[in-house]
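Chain and residue survey
What follows is each chain in one-letter form.
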Amino acid sequence: MTYTSPTLEQLRRCSVAVDIGAARTRVYVRNVGVVADEPSVAAVDIRTGALIAVGERAEQMAGRTPGHIRVARPVASGAVVDIEMARRMLKHVLGDKLGKRWRRMPVLRAAVCMPHGSEPIARRAAIETLYGLGARKVELVDTLIAAAVGSGLPVEHPEATMIVVCGAGTTQVAVLSLGSIVAAETVPVGGDAIDRAVIQHLRNHHELMLPTQSVRPLHQMLGSPGTGGTVTTEVYGRDVVSGLARSVQVETEGVRHAMRTPLTSVLDAITTVLRACPPDLVADLADRGIMLAGGSALMPGLDLMLGQATGMPVHIAPRPDTVAVQGLGAMIEGRVRPLVLDPLTA
Ligand SMILES: Nc1ncnc2c1ncn2[C@@H]1O[C@H](COP(=O)(O)OP(=O)(O)OP(=O)(O)O)[C@@H](O)[C@H]1O
């Protein structure tokens, strides 16, 4: 099944723009802005099937629930895997945020961004989720285009721009020119894979189980330059065998190496995309560099590491975590000028 991108005219008829990510769901209402930016999580009472909490509150419950409460994540690797749960989650998130305004607001047309190269089944699941909210028409837009627009890249110009969208479960890389994708790659690696690599490293080398909230401070080590000597940091966690709390001195270099391992596939994707581009476009990119977006762009040192590995300047998009929904919002509000490529008259 092939699908064609909607025109800007079709997008201007949408009242909401939605980005349903593995980590967070964002909703933009036309002429209002981003009204919801919440974790893609729902907590359900499995005895009654009732929703207990959604978004931030449900996220806080993860790992702390009694047996009858299940914390569900209806989105994985950029695709809705549980349509009914995603629909209920979205409905409650919007109900909580907009109250009566939401009940009065018909979502007849919605724009949704989809990871580049999504399977037809993933596109269908996104459409069904929005149909469940009352939408009659759902327009799907490539996340890479939405993110490039949201990052302020001059996508419609005849010059190359490169965008890397590093989310929770996936990283998407593209070179764009004249409003279209020239070459793109998606890899199933994002911030979550980096976090898992850190957790696994501490488990394997220090027999320490790291609480999830302790992973983020260790991200600092990704961009720290190697000094040649041995630099260590004290890390607290739980002993794998005894279950007791303890601390260990962890070598920075070991953690940095563990974090860089999953990022190898992101670097491979960048190389593949560059190889697929005509030389003139690659020359543009050498000056312009890479625009880094997605929530993982906030990881300290990721820009530095990608810059060192590619030899290209790397810029972090303003508010990199919401660029895709902001870009989609700009499209539904008609703030993106259409590229007119009329045939020249003789
Ligand atoms: N300040 C931060 N420092 C480090 N990592 C961060 C920070 N903020 C967010 N992240 C990471 O960004 C990721 C979430 O990014 P984003 O919100 O773009 O994901 P998503 O769009 O829901 O995911 P996907 O695109 O994979 O469906 C998570 O892995 C999270 O840990």
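As the structure is a prediction and not an experimental result, all values here were calculated from the model.

A tally of regular secondary structure across the chain gives 12 helices and 18 strands. In summary, the chain has a C-alpha radius of gyration of 21 Å against a globular reference of 20 Å for 346 residues, a match within 12%. Dimensions of the chain, computed from the C-alpha atoms along their principal axes, are close to 75 × 60 × 35 Å. Taking the contacts inside the chain whose residues are at least 6 apart along the sequence as the reference set, 65% of them involve residues at least 24 apart.

Moving on, we come to the site of the ligand. As a structural note, the neighbourhood of the ligand is formed by 20 residues, with Gly21, Ala23, Gly167, Gly191 and Gly295 the closest of them. In the shell around the ligand, the residues fall into 5 nonpolar, 11 polar and 4 charged.

So, on to the domain arrangement of the chain. Here the chain is described as being made up of domain 1 (8-148), domain 2 (153-190 + 260-318) and domain 3 (191-258). Each of domain 1 and domain 2 has a C-alpha centre, and the two are 26 Å apart. Counting residues per element, the side of domain 1 that touches domain 2 draws most heavily on helix 6 (residues 143-150), at 5 residues. Its residues assigned to classes, the side of domain 1 that touches domain 2 comprises 8 nonpolar, 6 polar and 1 charged.

The sheet built from 5 strands is open, its strands ordered 3-2-1-9-10 with mixed pairing. Sheet topology places strand 3 (33-39) and strand 10 (137-142) at the edges, where each strand pairs with a single neighbour. Mean inter-strand twist for the sheet, computed between neighbouring axes without regard to direction, equals 20°. Across 6 bridges, the pairing between strand 2 (residues 24-29) and strand 3 is antiparallel. What sits directly across from tyrosine 28, in strand 3, is valine 34. Running at roughly 125° to strand 3, helix 3 (residues 83-98) makes contact with strand 1 (16-20), strand 2 and strand 3 of the sheet. Contacts from helix 5 (residues 120-131) reach strand 1, strand 9 (109-114) and strand 10, with the element oriented near 150° to strand 9.

The next subject is the packing of helix 6 against helix 12 (residues 323-332). Packing of helix 6 against helix 12 leaves a shortest axis separation of 7 Å and a crossing angle of 85°. Here helix 12 runs roughly perpendicular to helix 6, going by the angle between their axes. Residues Thr143, Ala146, Ala147, Ala148, Val149 and Gly150 of helix 6 pack against Val323, Ala324, Gln326, Gly327, Leu328, Ala330 and Met331 of helix 12. Here the residues of the contact of helix 6 with helix 12 sort into 9 nonpolar, 4 polar and no charged.

For the rest of this paragraph, the subject is the packing of helix 7 (residues 191-206) against helix 9 (residues 252-275). One can describe the packing of helix 7 onto helix 9 by two numbers: an axis separation of 8 Å at closest approach and a directional angle of 140°. Overall, the two elements helix 7 and helix 9 adopt an arrangement that is oblique. For helix 7 against helix 9, the interelement crossing comes out right-handed. Judged by residue contacts, Ala193, Ile194, Ala197, Val198, His201 and His205 of helix 7 engage Gly254, Val255, Ala258, Met259, Thr261, Pro262 and Leu263 from helix 9. In the contact of helix 7 with helix 9, the residues fall into 9 nonpolar, 4 polar and no charged.

A word on the confidence of the model for the chain. Per-residue confidence for the chain gives a mean pLDDT of 91; residues scoring 70 or more make up 94%. At the low end of the mean pLDDT range in the chain sits helix 4 (residues 100-104), at 70; at the high end sits strand 17 (residues 290-293), at 98. Scoring the predicted complex yields pTM 0.92 and, for the interface, ipTM 0.98.

What counts, and at which threshold
- Numbers given for residues are sequential positions, taken from 1 along each chain in its written order.
- Restriction of local features to residues with pLDDT of at least 70 applies here, the model being predicted, together with a cutoff of 80 or more for giving and counting side-chain atom pairs; totals for whole chains, interfaces and linings are based on all residues.
- In this text, helices come from DSSP runs of H or I with a minimum length of four residues, and strands from runs of E with a minimum of two, each type numbered from the N-terminal end.
- C-alpha atoms define the radius of gyration, and 2.2 Å times the number of residues to the power 0.38 defines the globule rule.
- Throughout, a residue-residue contact means that the two C-beta atoms, derived from backbone geometry, are no farther apart than 7 Å.
- Using a C-beta atom placed from the backbone, a residue is described as near a molecule or strand when that atom lies within 6 Å of it.
- As a working rule, the residues Ala, Val, Leu, Ile, Met, Phe, Trp, Tyr, Cys and Pro are called nonpolar, Asp, Glu, Lys and Arg charged, and the rest polar, with Gly in that last group.
- Domain start and stop points were drawn from an automatic or database domain assignment.
- Paired strands are those between which DSSP finds at least two bridges.
- Inter-axis angles, ranging from 0 to 180 degrees, are taken between N-to-C directions of lines fitted to C-alpha atoms, where helices are fitted over the stretch in contact.
- Note that the term roughly parallel is reserved for angles under 35 degrees, roughly antiparallel for angles over 145, roughly perpendicular for angles of 65 to 115, and oblique for everything else.
- In this scheme the crossing of two helices becomes right-handed for a clockwise turn of the near helix relative to the far one and left-handed for an anticlockwise turn of less than a right angle.
- pLDDT is defined as a per-residue confidence score from the predictor, taking values between 0 and 100.

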